[in-house]
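One letter stands for each residue in the lines below.
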Amino acid sequence: MKKLLFIATIVLLGACQSQQEQTEMQSSENPFFQEWDTPFGIPPFDKIKDEHYMPAFEKGMKENLAEIDAIVNNPEDPTFANTLEELERAGKLLTKVSRVFYNMTGSNTNPKIQELQRELSPIVSAHSDKITLNEGLFKRVEAIWQARETLDLTSEQQKLLADTRKSFVRSGALLNEEQKAKITEINSQVSELTTAFGQNLLAETNGFELILEEEDLDGLSEGTIAAAAETAAQKMDRAETEEEKAKYKDKYVFTPHRSSMYPFLTESNRRDLREKLYKSYVQRGDNDNETDNKQVAAKLAKLRAERAQLMGYETHAHFVLEERMLKSPDEVYGLLTKLWEPALARAKAEVADMQAVVDMEGHEFKLAGWDWWQYAEKVRKAKYDLDEAAIKPYLSLDNVLNGVFETTNKLWGLTFTELYDVNVYHPDARVWEVKDKDGSHLGIFIGDYFTRSNKRGGAWMSSFKGQSNLDGRERPIVVNVCNFPAPVGDNPALLSFENVTTLFHEFGHAMHGILTNVTYGSMAGTSGPRDFTEFPAQILEHWASEPEILKSFAKHYQTGEVIPDELINKLLKASKFNQGFENTEYLAASLLDMDWHTVKADEDLKDADAFEEASLKKIGLIDEIAPRYRSTYFSHIFAGGYASGYYSYVHSAVLDSDGFEAFKEAGDVFDPELAAKLRTHVYEKGSTEEAMDLYTQFRGRQPEIDALLKVRGLDGSSD
Amino acid sequence: MSLPKTLLFCIFLVLGFSAFSHPEDELIISEIEQGQLSMQDQQMTAEYEAALKRQRMRRLAAMSWQQRFLLFIKAGIEHIIPKGLDHILFVLGLFFSSLIIGSLLWQVTSFTLAHTVTLALAALGIIQAPGNIVEPLIAFSIIYVAIENCFFKETNKWRPLIVFSFGLLHGLGFAAVLNEYGLPENGLVPTLLAFNIGVELGQLIVLFSAAALFWMIRKKSWYRQWVQIPASVMIALVGLFWFIERTIL
Ligand SMILES: [Zn+2]
């Protein structure tokens, strides 16, 4: 039922009957209702208008439900072909419009799309429920499942069948009516609390502002001051009363958003103001007001535990991890605690380094959380001094793209041809055709690299078309979206080294989406468990920092000079900077997440503060560091889909370090045999096999953490 | 790479494709983490224009020289018709100055020579002139030739020289638009040549159209009073409007 979930989830639904007529009228010109005769089936962006989405969603959902009905009411006995394969085929229109729409919400949005997004959002679950809770459908799947031994299914078919059945079961299909009613009740409470958590947190984050006068800006750089003035100007624009406007006039505003807070904490010489801003950040949702999240978090954890128990699992974590690469809380705790001690030891060493600077400056205070960024920066300058400006000229976007193309060419023989005449949704989005070693078409890669006002921050990979071999060979269209600074004037775009790793990372996801070669689209590419899908992305980052490869593409954009060894060394050394802090705050949050989701249904949970305190005390977190997210603003686990999954990042990091170590051991970062294994067992397989099996087939053994400790400088070797 | 950044972008990655099940979360988490997008029309337009130019430059760099040559001839024509209204008016100003083909030829030739020189010098980066000086002066040149048409029945011998100096200004104007349009890094000279050819073609189209309309009646006794002078006055007025717009407004 991967497909079900896939569609149900990819889909949003708008059930406005009144718009029916209008829908019919528009259908002739709505590009979603037509076959796309564009090159490679790239969506005809020039023809797609904002008003086309809603009718397409409506019609798509209607069609989807009709298709499901047809499967359920098929008079023939259920077979793999007439049930699971038909499910795979269902929802074409819905998928088509969803892919375009959700890509646009992230990379090229506008107020109209944002409004549509809000409007569509509650309808998603409604449509999704209609499919996931369809009893007739489950009965057919279950009948096939019971007969699976006699059916002579391929291993991919077996996995699809098992996954589909499991999703039904996980939605409660095996429960009796009373239990189902209870689950529905819990689900609705959970969804209310989840929404409340997010809304509270948003209010708390937007609610605090540090309004400063000119004389409060001591230490701040020009860029930071300009950004704070801009924030004030925007607030003034939005203010409704004159009085409110006056509050921001000629002032400088900092907020607890990271992009605003970090520069201030790093640069400001006003310790009192640093403390104020920092505390506003870590106290979010914990202010005993009407937007307090302490109770909300505790109630959510408790409800999830109850639900898990009803479904027959020990805790919510057990329920979640069943579908992950690490299968149980024990495995996750095992990994996290193994990393915890080295990380904490390193963090303590970093505190000592910084306290030394504090003392040397003649200050009397003991280093606190709000001093960290400032003193870390001082240590960085002294120990790891790396001049970003000296590196950038070697890293023009075109050179880096050549580097990443060349890397995949040496690994797998891929070639990239830019299609200059194909227009997509924005002139900065570039299009390449990707061909395999034998010249056959593999897919389309779209690279949309520069930041702009209507693009969400961060970087991600997504797709406009999936891969499937069910009804003929269908190849994917994949996109990478990043937020690199746009070039100034006619100069080429120059990247920081961090941008370069981001580019390689997202390109790794793109390769996962492009090399994929499976029969059933719902199991293609990046559809696997979250603690595995970062692996193909993160492992590619390692090639970006291999001196041999770096030298092949990092050439000065004016002189053509190759990046000097001295710079490379500094670059690699700098990657170990502040790792104690970063790993510690991250691991503390991951452990907190696990603690919250291994509570039992009958446990007595008071509020988040007491719980969190106990949890952090147990691991011995130091005062200078807060968990990366405290419970009351841990939106990933309480407002998003990361419950008991925050550990995923470090798990993938274990895999990528350990995986790349294989190439190091082979003595050749392009070792052909290993590269081939990586491709066939990881990049091509999607979720057609268990993730751990895929990894061990590539690596020859299970993953180990030593390589990661070394990469992050947590093995005691760095000082 | 640093962990926080990794985390930040992974959030979007994961929510971006596999957790379509939580589109509402995606919205709220990104708003919490990053604040609201501030989509200001003016800035978005500027960003879009810059992106369009980058796209043109990439396409240019990938073209064969023949394709590029043709493209720039087309661009040159377009920068007269329909985009170069002020240049059209100037050329018409020249047209209404004389009934003698020879004189007209002299003026057009000196205009062409002059703007070729400054266009090349400016495009090659040898000279630079700020738009806020050049643009009003171009408007002034239009007023000047149009007014002169009203006072003198035939052009004086200094006219080609004056037209030449105005041509220098117009060349700077062309260079500015060409720069906005984007010049390829290699093959600058053939590109310039192509653009210039395009500009000449545009100019000739204007002149021939005007000639086709007015040639038959140019010898009529009422031509000067009812065509030449009113047309010149109109041109001068438009020039004046631009002059004011480009200096004061
Ligand atoms: Zn990622």
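The model shown is predicted, which means the values in this text are computed figures rather than measured ones.

Caption draft 1: Quick look at the overall build of chain A. A count of helical and extended segments in chain A gives 31 helices and seven strands. The C-alpha atoms of chain A give 26 Å as radius of gyration, which agrees with the globular expectation for 719 residues (27 Å, within 12%). Structurally, chain A occupies a C-alpha span of about 85 × 60 × 55 Å along its principal axes. The 719 residues of chain A split such that 59% are buried. Sequence-distant contacts in chain A: of pairs separated by 6 or more residues, those separated by 24 or more amount to 75%. Accessible surface computed for chain A: about 28,700 Å², of which carbon and sulfur atoms make up 49%. A distance of 1 Å separates the average location of the 81 positive side-chain charges in chain A from that of its 119 negative side-chain charges.

Caption draft 2: Summary view of the overall build of chain B. Of the regular secondary structure elements, chain B holds ten helices and zero strands. Reading chain B from its N end, one meets helices and strands in the order α-α-α-α-α-α-α-α-α-α. Sorting the 249 residues of chain B into buried and exposed places 48% on the buried side. Taking the intrachain contacts of chain B between residues at least 6 apart in sequence as the baseline, contacts between residues at least 24 apart amount to 82%.

Caption draft 3: The sheet that holds strand 4 (residues 429–435) of chain A, seen in detail. Residue and element names in this part refer to chain A. Read across the sheet, five strands follow the order 3-4-5-7-6 without closing on themselves; strand pairing throughout is mixed. In the strand order of this sheet, the two ends are held by strand 3 (415–418) and strand 6 (460–465), each with one partner. Between one strand axis and the next, the sheet turns by 30° as a mean value, whatever way the strands run. For strand 6 and strand 7 (residues 477–484), the ladder comprises five bridges, and the chain directions are antiparallel. Residue pairing across strands places Trp460 opposite Val481, the latter belonging to strand 7. Running at roughly 150° to strand 6, helix 5 (residues 92–107) makes contact with strand 5 (441–450), strand 6 and strand 7 of the sheet. Here helix 19 (residues 397–412) sits on the sheet and contacts strand 3, strand 4 and strand 5; the angle it forms with strand 4, its principal contact strand, is near 20°.

Caption draft 4: Region of interest: the domain arrangement of chain B. All names here are of chain B. Domain boundaries in chain B define domain 1 (1–62) and domain 2 (65–247). Counting from both sides, the interface comprises five residues of domain 1 and, opposite them, nine residues of domain 2. When domain 1 packs against domain 2, the two sides together hide about 570 Å² of surface, and 56% of this comes from carbon and sulfur. In terms of surface lost to domain 2, no three residues of domain 1 exceed Lys53, Arg56 and Leu60, which account for 76% of the buried area on that side. Linking domain 1 to domain 2 there are zero salt bridges. Taken together, the links from domain 1 to domain 2 amount to one residue pair in polar contact (both at pLDDT 80 or more). The class makeup of the residues in the side of domain 1 that touches domain 2 is three nonpolar, no polar and two charged.

Caption draft 5: Structural context of helix 6 (residues 101–123) of chain B. Residue and element names in this part refer to chain B. Compared with the 33 Å implied by 1.5 Å per residue over 23 residues, the 32 Å span of helix 6 between its first and last C-alpha is a close match. Restricting attention to buried positions, one finds in helix 6 the residues Ser103, Leu104, Gln107, Val108, Ser110, Phe111, Thr112, Ala114, His115, Thr118, Leu119 and Ala122. Contacts made by the buried residues of helix 6 are with helix 5 (85–95), helix 8 (159–181) and helix 9 (188–214).

Caption draft 6: Layout of the environment of A:Lys47. Relative to the assigned elements, A:Lys47 resides in the loop between helix 2 (20–26) and helix 3 (50–72). Beyond its immediate chain neighbours, meaning those up to four positions away, A:Lys47 contacts A:Pro31 and A:His52.

Caption draft 7: Here's a closer look at the packing of helix 4 (residues 80–89) of chain A against helix 8 (residues 155–170) of chain A. Residues and elements named next belong to chain A. Close contact between helix 4 and helix 8 brings their axes to 12 Å; oriented N to C, the two are set at 75°. Comparing the axis directions of helix 4 and helix 8 gives the class roughly perpendicular. Two secondary-structure elements touch here, helix 4 through Phe80, Leu84, Glu85 and Glu88 and helix 8 through Gln157, Leu160, Leu161 and Thr164.

Caption draft 8: Representation of the pattern of salt bridges in the model. Residues and elements named next belong to chain A. Using the criterion set out here, one finds 48 salt bridges over all chains in the structure. A salt bridge links Lys664 to Glu546, with the nearest nitrogen and oxygen atoms 3.1 Å apart. You can see Lys664 sitting in helix 28 (residues 648–666) and its partner Glu546 sitting in the loop between helix 22 (535–544) and helix 23 (547–553), a full 118 residues away along the chain. Classification of Glu546 by relative accessible area gives buried; the value is 12%. Put simply, Asp286, Asp288, Asp292, Lys294, Asp609, Glu612 and Arg630 are held in one network by salt bridges that share partners.

Caption draft 9: Main features of the environment of B:Tyr144. All names here are of chain B. In this structure, Tyr144 sits in helix 7 (residues 131–151). Remark: the alpha-carbon pair of Tyr144 and Trp158, spanning 14 residues in sequence, is separated by 13 Å. When neighbours within four sequence positions are excluded, Tyr144 is seen to be in contact with Ile162 and Phe166.

Caption draft 10: Representation of the nonpolar core in the model. Residue and element names in this part refer to chain A. Within the largest apolar cluster, 92 residues are counted, with the highest numbers of intra-cluster contacts made by Trp372 and Trp596. For this core, the element with the highest residue contribution is helix 16 (residues 329–360), accounting for twelve residues. Each of two domains, domain 2 (208–282) and domain 3 (329–385 + 577–711), supplies a minimum of three residues to this core. The residues touching Trp596, leaving out its near neighbours within four places in the chain, are Ala297, Ala298, Ala301, Leu605, Ala608, Phe611, Ser631, Ile637 and Phe638. Counting 67 residues, the second-largest nonpolar core is a separate cluster that includes Trp432, Ile539, Ile563 and Leu694.

Caption draft 11: Highlighting the confidence of the model for chain B. All names here are of chain B. Looking at chain B as a whole, the pLDDT averages 77, with 86% of positions reaching at least 70. By mean pLDDT, the top-scoring element of chain B is helix 3 (residues 41–62) (89), and the lowest-scoring one is helix 1 (residues 3–17) (35). Throughout residues 1–24 the model reports pLDDT below 50, and contacts reaching past four residues in sequence, or to other chains, amount to 69 contacts. Reported confidence for the predicted complex is 0.84 by ipTM and 0.85 by pTM.

Caption draft 12: View of the environment of A:Met594. All names here are of chain A. Inspection of the secondary structure puts Met594 in helix 25 (residues 579–596). Remark: the alpha-carbon pair of Met594 and Leu336, spanning 258 residues in sequence, is separated by 9.9 Å. Every residue in contact with Met594, bar those within four places of it in the chain, is listed here: Ala317, Leu321, Pro329, Val332, Tyr333, Leu336 and Ser644.

Caption draft 13: Expanded view of the packing of aromatic side chains. Inspection of the entire model under this criterion finds 54 aromatic pairs over all chains. Both rings, one in A:Phe365 and one in A:Tyr375, keep their centres 6.3 Å apart while their planes meet at 70°; by these two values the pair is edge-to-face. Highlighted residues: A:Phe365 in the loop between helix 16 and helix 17 (372–383) and A:Tyr375 in helix 17, separated in sequence by ten residues. On the accessibility criterion, A:Phe365 (18% relative accessible area) is buried. For the pair B:Phe140 and B:Tyr144, a centre-to-centre distance of 6.3 Å together with 45° between the ring planes defines the contact as tilted.

Caption draft 14: Structural context of a nonpolar patch on the surface. On the surface, a nonpolar cluster with roughly 450 Å² of combined accessible area is contributed by B:Leu193, B:Ile197, B:Leu201, B:Leu204 and B:Phe208. Relative to the elements of secondary structure, B:Leu193 occurs in helix 9.

Caption draft 15: Broad picture of the pairing of strand 3 of chain A. Residue and element names in this part refer to chain A. Burial of strand 3 is one-sided: the residues Phe416 and Glu418 facing one way are buried, the residues Thr415 and Thr417 facing the other way are not. The pairing of strand 3 with strand 4 spans four bridges and is antiparallel. By the bridge assignment for strand 4, Thr417 is matched with Glu433.

Parameters and conventions
Residues numbered from 1 in each chain as written. Chains lettered and ligands numbered in written order. Predicted model: local features only at pLDDT ≥ 70, side-chain atom pairs only at ≥ 80, totals over all residues. Heavy atoms only, no water. Helix = DSSP H or I, 4+ residues; strand = E, 2+ residues; numbered from the N terminus. Rg over C-alpha atoms; globule rule 2.2 N^0.38 Å. Buried < 20%, exposed > 50% of the residue type's maximum accessible area, 1.4 Å probe, protein only. Contact = heavy atoms within 4.5 Å. Areas by Shrake-Rupley, 256 points an atom, 1.4 Å probe, with all protein chains shown as cover. Lys, Arg positive; Asp, Glu negative; His and termini not counted. Charge placed at Lys NZ, Arg CZ, Asp CG, Glu CD. Pairing = 2+ DSSP bridges. Axes fitted to C-alpha atoms, helices over the stretch in contact; angles between N-to-C directions. Domains from an automatic or database assignment. Buried area = accessible area lost by both parts, 1.4 Å probe. Salt bridge = Lys/Arg side-chain N within 4 Å of Asp/Glu carboxyl O. Polar contact = N/O pair within 3.5 Å; in protein donor to acceptor, adjacent residues only side chain to side chain. Nonpolar A, V, L, I, M, F, W, Y, C, P; charged D, E, K, R; others polar. Expected span 1.5 Å × (residues − 1). Parallel < 35°, antiparallel > 145°, perpendicular 65-115°, else oblique. Core = buried A, V, L, I, M, F, W, Y, C linked by side-chain atoms within 4.5 Å. pLDDT = per-residue confidence, 0-100. Phe/Tyr/Trp six-rings, centres within 6.5 Å; stacked < 30°, edge-to-face > 60°. Patch = residues over 30% accessible without salt bridge, like charges linked within 9 Å, V, L, I, M, F, W, Y side chains within 5 Å.

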